[in-house]
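Spelled out, the chains give:
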Amino acid sequence: MGLENEATVILLPAAIASVVAYAIYTVIYNVYFHPLANFPGPPIARATTYWKAYIECIAQRSFCHYLVHLHAQYGDVVRIGPNELHFANPKAYTDIYNNKNRWDKEARLYKSFNEDRSSFGLLTYAESKIRKDVMNRSFSVAAIESAEGLCVDKARALCAAFERNKTKPADMFFAYRCMSMDMIMTFCFGKPINALDAPDFKAPILEAMDASMPIFIRFKYSDLYKNMILKCPPGLSKILSPSTAGLVDLQQLLWRQINDLTDDPEKLKSLPHNMTVWHRLLDAEAYRDKILPSPGSLYEEAQALMFAGADTVGNTLMLGTFHLLQQSDKLQRLREELLEAWPDLNGPEPKLRALENLPYLNAVIKESLRLSSGVTSGLLRVVPPAGATIDGRTVPPGTIVACGSTFVHYNADIFPQPDQFTPERWLKSPELDNWLVSFSRGPRMCFGINLAWAELRLNLAYVFRKFEMEMADPKPNNLPWRDTFLPWYNGTHLLVNMTPVSACKKHIVQL
Ligand code: HEM
């Protein structure tokens with residue numbers, strides 16, 4: 001036997017034995033000696049993170065739903081990983097996500113989106129703040145007010161698309177998303193993609209984003225898998241994963257735009273308006289160190305805005321529509337309020353400011369936000385070196401913690417009959433606003449909240465004022481979803497017959 005073979009015979013078993021010994025040591029440490037050892041939770045979850053990977057990727061459970069069972073079994077705090085706690089009590093939500101806390105985002109989750117260098121993906125408050133300070137002029141209340149015309153254009157385009165397609169039921173899952181995607185692409189990048197023109201609202205980018213949701217969840221647990229899908233050449237990626245080809249096309253479109261603009265900043269002047277994020281992000285003077293982000297970082301920012309702003313708004317509009325069409329009294333109340341604010345469809349359209357003052361419309365939006373919950377997964381944060389007290393428990397530094405928004409929004413003590421769509425609850429109890437956490441709270445809360453509210457108000461007002469709507473077959477009893485960070489609606493789509501209302505006020509009153 002040669003020397004090399006002899007060395008292999010000795011070293012290989014030694015290496016295997018070391019790995020096995022290390023794994024056994026880690027499991028024993030995690031279960032019995034870890035600082036979280038006294039927190040209750042499933043035994044395997046206490047030992048290894050692979051338990052969560054199994055639940056999410058192999059068993060394909062909707063994790064936020066699964067957490068409901070775990071909390072019923074183990075109480076208000078559950079150890080769901082060697083170093084991770086989930087809290088069910090809404091009090092924990094305010095302890096974790098508030099303006100005083102500058103806690104880091106957790107790396108495994110936030111790096112899985114491949115947007116590490118974006119305002120959303122930067123892990124520390126300080127880094128993200130630098131980026132958001134630069135973009136703020138595009139997203140402030142004043143900026144959104146001055147972009148009202150753009151929002152109105154998109155609401156009108158949505159209504160025009162419903163009119164064009166009125167011979168068959170409209171798929172509301174895709175229709176609202178087409179609007180919100182067109183809005184992001186026009187508003188943020190000055191690059192309209194006219195998704196609303198797609199036949200039956202099935203724009204390839206939206207089908208691709210939908211198909212990518214359960215894939216992204218696996219990226220948390222394997223960098224190799226993530227890089228194989230995301231870093232392979234576009235042509236190959238389309239062959240390997242045809243269902244996400246639309247995403248590759250959009251990525252390339254954004255890349256081309258970024259390369260064009262960084263090669264020749266003069267081209268900024270050719271964009272349709274000067275509120276785009278490129279106008280901010282490519283202005284070196286806006287940065288403290290006067291250094292522009294790399295093209296890769298710009299791309300990741302664009303992708304983050306696209307994912308953050310399209311589905312979230314689309315889901316809220318779809319869910320609100322679904323519930324309104326199921327409850328004729330609430331639908332009627334909304335339509336009466338809209339009719340009062342906009343008596344003649346041939347007359348002036350109501351301004352955003354006027355819509356802000358419509359109590360029932362706002363209550364409908366809050367209830368839709370509550371039931372759709374925005375981001376359904378826990379927003380993982382890392383407890384800082386000083387440790388923390390969460391829901392009365394002392395939590396050691398470095399622990400990963402979260403309280404999912406669904407645990408606030410579906411809490412029956414705060415929202416009695418939480419599964420019911422009841423806009424009236426917001427009118428009766430204005431203090432409930434403290435518990436609407438769809439946009440999260442604290443320094444990492446949603447950056448697009450003003451834009452989102454403008455889109456929600458205008459689109460609900462335009463659609464419900466301009467159309468008589470009726471659910472078409474097959475009528476779903478509910479809209480089931482799986483937690484894939486955002487909710488992934490995997491059941492029957494909501495189809496609606498859209499009939500334009502007569503311009504005359506009397507017509508509706510007689511309904
Ligand atoms: C109904 C609509 C929306 C909902 C419910 C929503 C919800 C949220 C939530 C819960 C977060 C916190 C995420 C985290 O902590 O990891 C967030 C962050 C963010 N959202 Fe939204 N969002 C909406 C619309 C938008 C829009 C329209 C945009 C912009 C185009 C946007 C841009 C962002 C950005 C950039 C962040 C990252 C902020 C940070 O990490 O500091 N969102 N959003």
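Residues numbered from 1 in each chain as written. Predicted model: local features only at pLDDT ≥ 70, side-chain atom pairs only at ≥ 80, totals over all residues. Heavy atoms only, no water.

Asker: It is not clear to me how the packing of helix H16 (residues 295-326) against helix H22 (residues 449-466) should be interpreted in this structure. Could you clarify?
Answerer: A pair of packed helices is characterised by two quantities: the angle between their axes and the separation of those axes. At a closest axis distance of 10 Å, the pairing of H16 and H22 adopts a crossing angle of 35 degrees. Seen along the crossing, H16 lies across H22 with a hand that is right-handed. Here Val313, Thr316, Leu317, Thr321, Leu324 and Leu325 of H16 come into contact with H22, specifically with Ala452, Glu455, Leu456, Asn459, Leu460 and Phe464. Residue composition of the contact of H16 with H22, grouped by class: eight nonpolar, three polar and one charged. (Axes fitted to C-alpha atoms, helices over the stretch in contact; angles between N-to-C directions. Helix = DSSP H or I, 4+ residues; strand = E, 2+ residues; numbered from the N terminus. Left-handed = near helix turned anticlockwise from the far one by under 90°. Contact = heavy atoms within 4.5 Å. Nonpolar A, V, L, I, M, F, W, Y, C, P; charged D, E, K, R; others polar.)

Asker: Quick question: what am I supposed to make of the sheet that holds strand E1 (residues 77-81) here?
Answerer: Two pairing modes exist for strands in a sheet, parallel and antiparallel, and in both the strands are linked by backbone hydrogen bonds. Pairing is mixed in the open sheet, where five strands are placed in the order E1-E2-E8-E5-E3. Edge positions in the sheet fall to E1 and strand E3 (104-105), since each has one partner strand and no second. Examined bridge by bridge, strand E5 (residues 381-382) and strand E8 (residues 400-402) share two bridges and lie antiparallel to one another. For arginine 381, the partnering residue across the bridge sits in E8 and is valine 401. Contacts from helix H4 (residues 63-74) reach E1 and strand E2 (84-87), with the element oriented near 125 degrees to E1. (Pairing = 2+ DSSP bridges.)

Asker: Teacher, can you tell me more about the coordination of the iron atom of the ligand here?
Answerer: Tetrahedral coordination by four donors sets the ideal angle at the metal to 109.5 degrees; octahedral coordination by six donors sets it to 90 or 180 degrees. For the iron atom of the ligand, the protein contributes exactly one donor atom, Cys446 (SG), at 2.3 Å. When you line up the elements, cysteine 446 lands in the loop between helix H21 (424-428) and H22. (Donors = N, O, S within 2.8 Å, 3.2 Å for Na, K, Ca; no water.)

Asker: How should the UniProt feature "transmembrane region" (unreviewed entry) in the chain be read in this particular structure?
Answerer: What UniProt calls "transmembrane region" (unreviewed entry) maps, in this numbering, to residues 7-32. Between the end C-alpha atoms of residues 7-32 the distance is 37 Å, and the span holds 100% helix and 0% strand. (UniProt positions renumbered as here; feature names shortened; annotations may be inferred.)

Asker: Would you mind showing me how to read the sheet that holds strand E9 (residues 467-471) here?
Answerer: Ordered in space as E4-E12-E9, the three strands form an open sheet in which the pairing is antiparallel. Edge positions in the sheet fall to strand E4 (170-171) and E9, since each has one partner strand and no second. Bridge analysis of E9 against strand E12 (residues 495-500) gives five bridges, and the strand direction is antiparallel. Each bridged residue has a counterpart across the sheet, and for glutamate 468 the counterpart in E12 is threonine 499.

Asker: Whenever I open this one, the nonpolar core confuses me. Can you help?
Answerer: Inside soluble globular proteins, nonpolar side chains tend to come together where they are buried. Grouped together as the largest cluster of nonpolar side chains are 149 residues, with contacts concentrated most on Trp278 and Phe464. Other than its neighbours up to four places away in sequence, phenylalanine 464 contacts Tyr176, Thr321, Leu324, Leu325, Leu331, Leu334, Arg335, Leu338 and Met469. (Core = buried A, V, L, I, M, F, W, Y, C linked by side-chain atoms within 4.5 Å. Buried < 20%, exposed > 50% of the residue type's maximum accessible area, 1.4 Å probe, protein only.)

Asker: Is there a simple way to think about the UniProt feature "binding site: heme" (unreviewed entry) in the chain in this case?
Answerer: Under the UniProt annotation, "binding site: heme" (unreviewed entry) lies at Cys446. Residue classification places cysteine 446 among the partly exposed positions, given a relative accessible area of 31%.

Asker: Sorry if this is basic, but what is going on with a nonpolar patch on the surface here?
Answerer: Among the surface-exposed residues, Leu12, Ile16, Val20, Tyr22, Ile24, Tyr25, Ile28, Tyr29, Tyr32 and Phe33 lie close enough to one another that they form a single nonpolar patch of about 1,100 Å² accessible area. Relative to the assigned elements, isoleucine 28 resides in helix H1 (residues 3-33). (Patch = residues over 30% accessible without salt bridge, like charges linked within 9 Å, V, L, I, M, F, W, Y side chains within 5 Å. Areas by Shrake-Rupley, 256 points an atom, 1.4 Å probe, with all protein chains shown as cover. Salt bridge = Lys/Arg side-chain N within 4 Å of Asp/Glu carboxyl O.)

Asker: Can you help me understand empty space enclosed by the protein in this one?
Answerer: All told, the structure shown has four cavities of 30 Å³ or more when counted by the stated rule. Computed from the structure, the largest cavity encloses a volume of approximately 890 Å³. Every residue lining the largest cavity is counted, 47 residues in all, and those nearest its centre are Phe120, Ala308, Thr312, Val375 and Cys446. Taken together, the elements giving at least two residues each to the lining of the largest cavity come down to helix H7 (125-139), helix H10 (172-189), helix H11 (204-219), H16 and H22. (1 Å grid on protein atoms, 1.4 Å probe; cavity = no way out; pocket = protein on both sides within 12 Å on 5 of 7 lines; lining within 4 Å. Points joined across faces, edges and corners; volume = space filled by probe spheres on them.)

Asker: In this structure, what is going on with the site of the ligand? I would like to understand it.
Answerer: In the region of the ligand, 29 residues are neighbours, and Lys105, Tyr110, Lys132, Arg381 and Cys446 sit closest. Within the side chain of lysine 105, an N or O atom sits 2.8 Å from an oxygen atom of the ligand. At a separation of 3.4 Å, an oxygen atom of the ligand approaches a polar backbone atom of serine 119. With respect to the pocket detection grid, the ligand is positioned in the largest cavity. Elements supplying a minimum of two residues to the shell around the ligand: H7, H16 and H22. It is H16 that provides the largest number of residues to the shell around the ligand, a total of six residues. Classifying every residue of the shell around the ligand by side-chain character gives 16 nonpolar, nine polar and four charged. (Near = heavy atom within 4 Å. Polar contact = N/O pair within 3.5 Å; in protein donor to acceptor, adjacent residues only side chain to side chain. Sits in = over half its atoms within 2 Å of the grid points.)

Asker: I would appreciate a short explanation of H22 in the present structure.
Answerer: An α-helical turn contains 3.6 residues, so any two residues separated by three or four positions project in the same direction. With 18 residues, H22 extends 26 Å between its outermost C-alpha atoms, agreeing within 8% with the 26 Å of an ideal straight helix rising 1.5 Å per residue. Taken across its 18 residues, H22 has 15 buried, putting it largely inside the fold. (Expected span 1.5 Å × (residues − 1).)

Asker: Would you explain the environment of cysteine 151 in this entry?
Answerer: Secondary-structure assignment places cysteine 151 in helix H9 (residues 148-164). Measuring from C-alpha to C-alpha, the distance between cysteine 151 and threonine 186 comes to 9.7 Å, with 35 residues separating the pair along the chain. Not counting chain neighbours up to four residues away, the residues in contact with cysteine 151 comprise Met183, Leu451, Ala454 and Leu458.

Asker: Just checking my understanding: could you explain the side chain of serine 128 for this structure?
Answerer: Tracing the backbone through its elements, the reader meets serine 128 in helix H7. Residue classification places serine 128 among the buried residues on the basis of a relative accessible area of 0%. Here arginine 444 takes part through its side chain, which lies 3.3 Å from a polar atom of the side chain of serine 128.

Asker: How should I be thinking about the pattern of salt bridges in this particular structure?
Answerer: Once the charged atoms of two side chains with opposite charge are near each other, the side chains can pair. Inspection of the entire model under this criterion finds 23 salt bridges. Residues lysine 168 and aspartate 200 are paired through a salt bridge, measuring 2.8 Å at the closest nitrogen-oxygen approach. With lysine 168 in the loop between H9 and E4 and aspartate 200 in the loop between H10 and H11, the pair connects residues that are 32 residues apart, well separated along the chain. The class for aspartate 200 is partly exposed, based on a relative accessible area of 32%. Linking lysine 269 and glutamate 266 is a salt bridge whose minimum nitrogen-to-oxygen distance equals 2.9 Å. A single burial state applies to lysine 269 and to glutamate 266, both of which are exposed.

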